[in-house]
Amino acid sequence: MKTEEYIEIENKFGAHNYKPLDVVLSKGEGIWVWDVDGNKYLDCLSAYSAVNQGHCHPKIRQAMVDQAGLLTLTSRAFRNDQLALFYKELCELTDSHKVLPMNSGAEAVETAIKCVRKWGYESKGVEPDKAEIIVCDNNFHGRTLAIIGFSSDDNSRKSFGPFVSGFKSIPFGDIKALEDAITPNTVAFMVEPIQGEAGVIIPPIGYLKEVREICTKNNVVLILDEIQTGLGRTGKMLAEEHEGIQADLTLIGKALSGGFYPVSAVLSNEAVLGLLKPGQHGSTFGGNPLACAVAREALKVLKEENMIENAAIMGQFFLDELKKIDNPSIKEVRGRGLMIAIELFEGTEGGARAICEKLMKMGILCKETHTWTIRFAPPLVITKSDIEWAMEKIKIAFN
Ligand SMILES: *Cc1c(COP(=O)(O)O)cnc(C)c1O
């Protein structure tokens, strides 16, 4: 079948909850993907950073195939021989004490919300049903009801109420706003180290460090949503390392499986996850042996193949090159590691979508975010010559 036929069938039978570029992909390898008509593209989105390790990484693939032939699902009613090692290796890599495995990122966020509320009542002494969680404007933490209830994006919320209460939203990057928002009922502050879906918004230097201090001083749990920023994307294992801090709860997902399978996790100190008792939370698929085997290998190759270091070096190179583009429609080029964005001035003809369409025709897949921003987030295995190749096309697109 041809591209047009796939699109027609998809549009006819599927819910239209996405507006994808009209490219139908059928194969991937490293930073490259191919469509059904045989065209090759550089993937500059990496499935929103879920394929940091590159498409179809051969070692992760092998781990998946091997485990699929042994044991895939036991449920947590029984133990499996992959879970313990997944916990141990993940804790060692991220300097954590406890793990709770889930599947999607949104589930990790929901899990964190439940856990910090419980901590608030049972440990901090907040009165029943009074717990408050502070979040940031323009956050993105997923698509479930509790989460969209505290989104500031009208498109995500509209017509989906009533929502879960107990959330308060403050401006991102604003320390004073955080201090003012904290009350005796505040149990947690949840924030992305860099706001990804909002368009790669980087807070002022020192923000997270001050956030850490304020949370500690007020006995408030700091939850960092590193589902997009974590696992090498910003040039560190976790983005919190850029400011030398440690969150109390860290949420990871996406690249935890290298794109093979939905795997997410809540990483924690003892104080919060330690409160959970049997029967209080769970997931049929969470922590299954296939997920654990895949995640173990996905973490291993990140380290072994120096992908995190490569993200730091290539990210800086890519950012510097993008900054050299001289075009009056560009408002700002910003990024950390391989999490990069070009923001156009509002009103630029065609917006970011037009640039993405142009790039697609030249063999680069990017996705616009919020009309004026184009994100560049290729797999972390990209090389200097790949970036040089991409830069030639990007310059033409901005011509
Ligand atoms: C993608 C994302 C999520 C949600 O993950 P899903 O797997 O899509 O549920 C949550 N937080 C951040 C920061 C994300 O980028």
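The rules behind each value
- Within any chain, residue numbers begin from 1 and follow the written order of that chain's sequence.
- It should be noted that, the model being predicted, local features are given only for residues of pLDDT at least 70 and side-chain atom pairs only at 80 or more, the latter also being counted only at that level, while totals for whole chains, interfaces and linings use all residues.
- Remark: hydrogens and water are excluded; side-chain values derive from all non-hydrogen atoms of the structure.
- Numbered from the N terminus, helices here are DSSP runs of H or I no shorter than four residues, and strands are runs of E no shorter than two.
- Relative accessibility thresholds used throughout: buried, under 20% of the residue-type maximum; exposed, over 50%; partly exposed, between the two (1.4 Å probe, protein chains only).
- Here a polar contact means two N or O atoms within 3.5 Å. Within protein one must be a hydrogen donor candidate and the other an acceptor candidate, and residues neighboring in sequence count only if both atoms are side-chain atoms.
- Where a domain begins and ends is set by an automatic assignment or by a domain database.
- Here, residues are in contact when the closest pair of their heavy atoms is within 4.5 Å.
- Here's the idea: put two parts together, see how much 1.4 Å probe accessible area each one loses, and the total over both is what we call buried area.
- In this description, a nonpolar core means a group of buried Ala, Val, Leu, Ile, Met, Phe, Trp, Tyr and Cys residues linked to one another through side-chain atoms lying within 4.5 Å.
- Only rings of Phe, Tyr and Trp enter the pairing, Trp through its six-membered ring, and a pair is recorded when the two centres are within 6.5 Å. The plane angle decides the type: under 30 degrees is stacked, over 60 is edge-to-face, the rest tilted.
- By the criterion adopted, a ring carries a charge over it if an Arg CZ or a Lys NZ lies within 6 Å of its centre and within 35 degrees of its normal.
- All axes are obtained by fitting lines to C-alpha atoms, using only the stretch in contact for helices, and the reported angles, taken between N-to-C directions, cover 0 to 180 degrees.
- Note that the term roughly parallel is reserved for angles under 35 degrees, roughly antiparallel for angles over 145, roughly perpendicular for angles of 65 to 115, and oblique for everything else.
- Note on convention: the crossing is left-handed when the near helix lies turned anticlockwise from the far helix by less than a right angle, right-handed when the turn is clockwise.
- When at least one non-hydrogen atom of a residue lies within 4 Å of a molecule or strand, that residue is treated as near it.
- Using only the protein atoms, space was sampled on a 1 Å grid; points where a 1.4 Å probe fits but cannot get out form cavities, open sets with protein on both sides within 12 Å along at least five of seven lines form pockets, and lining residues are those with an atom within 4 Å of a point.
- Just a note on the criterion: a molecule sits in a pocket or cavity if more than half of its atoms are within 2 Å of the grid points.
- Here the term charged refers only to Asp, Glu, Lys and Arg, the term nonpolar to Ala, Val, Leu, Ile, Met, Phe, Trp, Tyr, Cys and Pro, and the term polar to all other amino acids, Gly among them.

S.K.: Hey, could you go over the environment of Tyr121 for me, with residue numbers and the actual values?
M.R.: Looking at the secondary structure, you find Tyr121 in helix H5 (residues 105-124). Classification of Tyr121 by relative accessible area gives partly exposed; the value is 28%. On a C-alpha basis, the gap between Tyr121 and Leu302 in space is 38 Å, while along the polypeptide they are 181 residues apart. Only 3.3 Å separates the side chain of Tyr121 from the backbone nitrogen of Lys130, close enough to count as a polar contact.

S.K.: Could you give an account of the domain arrangement of the chain, with specific residues and numbers?
M.R.: Looking at the assigned domains, one finds that the chain contains domain 1 (58-304) and domain 2 (306-370). Using only C-alpha atoms to locate each centre, domain 1 and domain 2 end up separated by 27 Å. Tallying the contact residues gives 21 residues for domain 1 and 15 residues for domain 2. Between domain 1 and domain 2, a total of about 1600 Å² is buried, with carbon and sulfur atoms accounting for 65% of that surface.

S.K.: Account for the nonpolar core, naming residues and giving values.
M.R.: If you look at the biggest cluster of nonpolar residues, it comprises 62 residues, and the most contacted ones within it are Leu256, Leu322, Phe376 and Ile394. Broken down by element, this core gets its largest block of residues, 9 residues, from helix H11 (residues 289-304). Here this core gathers at least three residues from each of two domains, domain 1 (58-304) and domain 2 (306-370). The residues contacting Phe376, other than those within four sequence positions of it, are Cys44, Phe318, Leu322, Leu338, Met339, Ile340, Ile342, Leu359, Cys366 and Ile394. Among the nonpolar cores identified, the runner-up in size contains 29 residues, and Cys115, Trp119, Val187 and Val266 belong to it.

S.K.: Could you give me a rundown of the packing of aromatic side chains, with the residues and numbers involved?
M.R.: Under the definition given, this model contains 5 aromatic pairs. Where Phe318 meets Phe376, the ring centres are 5.7 Å apart and the plane angle is 65 degrees; that geometry is what we call edge-to-face. Separated by 58 residues along the polypeptide, Phe318 in helix H12 (residues 307-323) and Phe376 in strand E15 (residues 373-376) bring together distant segments of the chain. We note that Phe318, like Phe376, is buried. The positively charged end of Lys27 is found above the aromatic ring belonging to Trp34, 4.4 Å away from the centroid. Between Lys40 and the ring centre of Trp32, over which it is positioned, the NZ or CZ distance is 4.3 Å.

S.K.: Outline the packing of helix H4 (residues 83-94) against H11, supporting the account with residue identities and numerical values.
M.R.: Relative to each other, H4 and H11 sit at 30 degrees, their axes nearing to 9 Å. Judged by the angle between their axes, H4 and H11 are roughly parallel. Note that H4 runs across H11; the crossing there is left-handed. Counting all contacts with H4, which are made through Leu83, Leu85, Phe86, Glu89, Leu90 and Leu93, the residues of H11 involved are Cys292, Ala295, Arg296, Leu299 and Lys303.

S.K.: Quick rundown of the site of the ligand? Include the residues and the values.
M.R.: Taken together, Ser104, Gly105, Ala106, Phe140, His141, Gly142, Glu192, Asp225, Ile227, Gln228 and Lys254 make up the full set of residues adjacent to the ligand. Taking Ala106, its main chain carries an N or O atom lying 2.8 Å from an oxygen atom of the ligand. At a separation of 2.6 Å, a nitrogen atom of the ligand approaches a polar side-chain atom of Asp225. According to the grid-proximity analysis, the pocket containing the ligand is the largest pocket. Among the residues forming the shell around the ligand, the class breakdown is 3 nonpolar, 5 polar and 3 charged.

S.K.: Which residues make up unusual backbone geometry, and what values do they have?
M.R.: The residue after Gly161, namely Pro162, is reached through a cis peptide bond having omega 0 degrees. With respect to the helices and strands, Pro162 occurs in the loop between helix H7 (154-157) and strand E6 (167-170). One non-glycine residue, Tyr48, lies in positive phi territory at about 55 degrees. Note that Tyr48 resides in helix H2 (residues 46-49). Not every positive phi belongs to a glycine, and Leu231 is a case in point at roughly 55 degrees. Among the structural elements, Leu231 can be located in the loop between strand E8 (221-225) and strand E9 (249-252). On the accessibility criterion, Leu231 (2% relative accessible area) is buried.

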